[in-house]
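Topology and contacts: notes
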Amino acid sequence: MTAPAVLFDLDGCLIDSRAGILASVHVAMSACGLAPMPDAELEWLIGPPLRTGFAELCRRVGRDDASLAQALLDAYRADYHDTMLDHTPLVSGVESLVRALSASRPVGVVTSKPRVLALEILEHHGLVEVFSVVEGPTFDEADEPKVDTLGRALVELDGLTASTMVGDRHHDIEAGRAHGLRTIGVTWGIGSAAELGEAGADTIVSSVDELASELGL
């Protein structure tokens with residue numbers, strides 16, 4: 001009998017996408033005439049759907065404008081697609097972890113990043129074949145809630161069951177809980193231990209070694 005699958009968020013959990021995402025956010029803001037902001041004031045954009053994030057950014061700068069939010073997203077996507085592979089390393093240690101885990105159970109990725117971009121990044125790092133499922137929204141549905149993306153991944157497992165959702169933001173934990181999964185929060189991404197705890201994470205870990213132990217490796 002196959003052991004239940006473990007599903008991972010991508011940005012901040014498996015890949016260190018902070019530098020690449022923020023660089024493209026700055027490019028988009030400049031292209032749309034918004035004043036620059038420090039990285040620390042923009043990191044909250046990483047994790048949830050960027051269409052939603054840019055709409056919130058517009059509100060925060062006093063420009064509650066749907067057309068501006070869409071322009072930001074378009075400018076961001078154009079730059080990010082051209083630069084993401086050069087600025088998106090794997091988190092140290094996660095390749096060994098997911099390969100070891102995949103030897104005994106299915107592993108999958110559930111991300112708010114458009115699926116086509118997630119696949120490009122995983123292919124770049126030679127990891128696509130490790131995952132039984134990779135789910136993310138289409139470009140047209142870029143504001144899809146994480147709980148819906150996770151639900152689709154569970155269907156795509158095609159008769160297999162999943163036991164655990166691993167992520168670095170509250171959206172990951174809330175989605176996992178909504179589907180009755182065990183949830184593990186990781187603190188090497190964007191979300192803090194406080195954010196993950198408030199979202200109801202069953203376990204919070206601060207290193208890949210701790211995560212491996214929690215997953216029985």
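Anyway, here's the lowdown on the structure attached to this text. Nothing here was measured: the structure is a model prediction, and the numbers come from that model.

**Brief notes about the pairing of strand 5 (residues 182-186)**
Of all 5 residues that make up strand 5, 4 are buried, and the element is covered over most of its length. After leaving strand 4 (residues 162-167), the chain enters helix 7 (residues 170-178) and then returns to the sheet as strand 5, a path that is right-handed. Read from strand 5 through helix 8 (residues 193-199) to strand 6 (residues 203-205), the crossover connection turns out right-handed.

**So, the pairing of strand 4**
With respect to burial, strand 4 is a largely interior element, 5 of its 6 residues being buried. The sheet contact formed by strand 1 (residues 5-8) and strand 4 spans 4 bridges and is parallel. When the bridges of strand 4 are listed, Val 6 appears paired with Thr 164. Relative to strand 5, strand 4 is paired through 4 bridges, and the arrangement is parallel. Looking at the pairing, Val 166 lines up with Ile 184 of strand 5.

**As for the packing of aromatic side chains**
Applying the stated rule across the entire model yields 2 aromatic pairs. Ring plane angle 15 degrees and centroid distance 5.3 Å describe the contact between Tyr 76 and Tyr 80, whose orientation is recorded as stacked. Of this pair, Tyr 76 and Tyr 80 both sit in helix 3 (residues 66-83), 4 residues apart, roughly one helical turn. Neither residue differs from the other here; Tyr 76 and Tyr 80 are each classed as buried. Here the basic side chain of Arg 60 rests over the ring of Trp 44, its NZ or CZ set 3.8 Å away from the ring centre.

What counts and what doesn't
Residues numbered from 1 in each chain as written. Predicted model: local features only at pLDDT ≥ 70, side-chain atom pairs only at ≥ 80, totals over all residues. Heavy atoms only, no water. Buried < 20%, exposed > 50% of the residue type's maximum accessible area, 1.4 Å probe, protein only. Helix = DSSP H or I, 4+ residues; strand = E, 2+ residues; numbered from the N terminus. Right-handed = clockwise from strand over helix to strand, strands pointing away. Pairing = 2+ DSSP bridges. Phe/Tyr/Trp six-rings, centres within 6.5 Å; stacked < 30°, edge-to-face > 60°. Lys NZ or Arg CZ within 6 Å of the ring centre and 35° of its normal.

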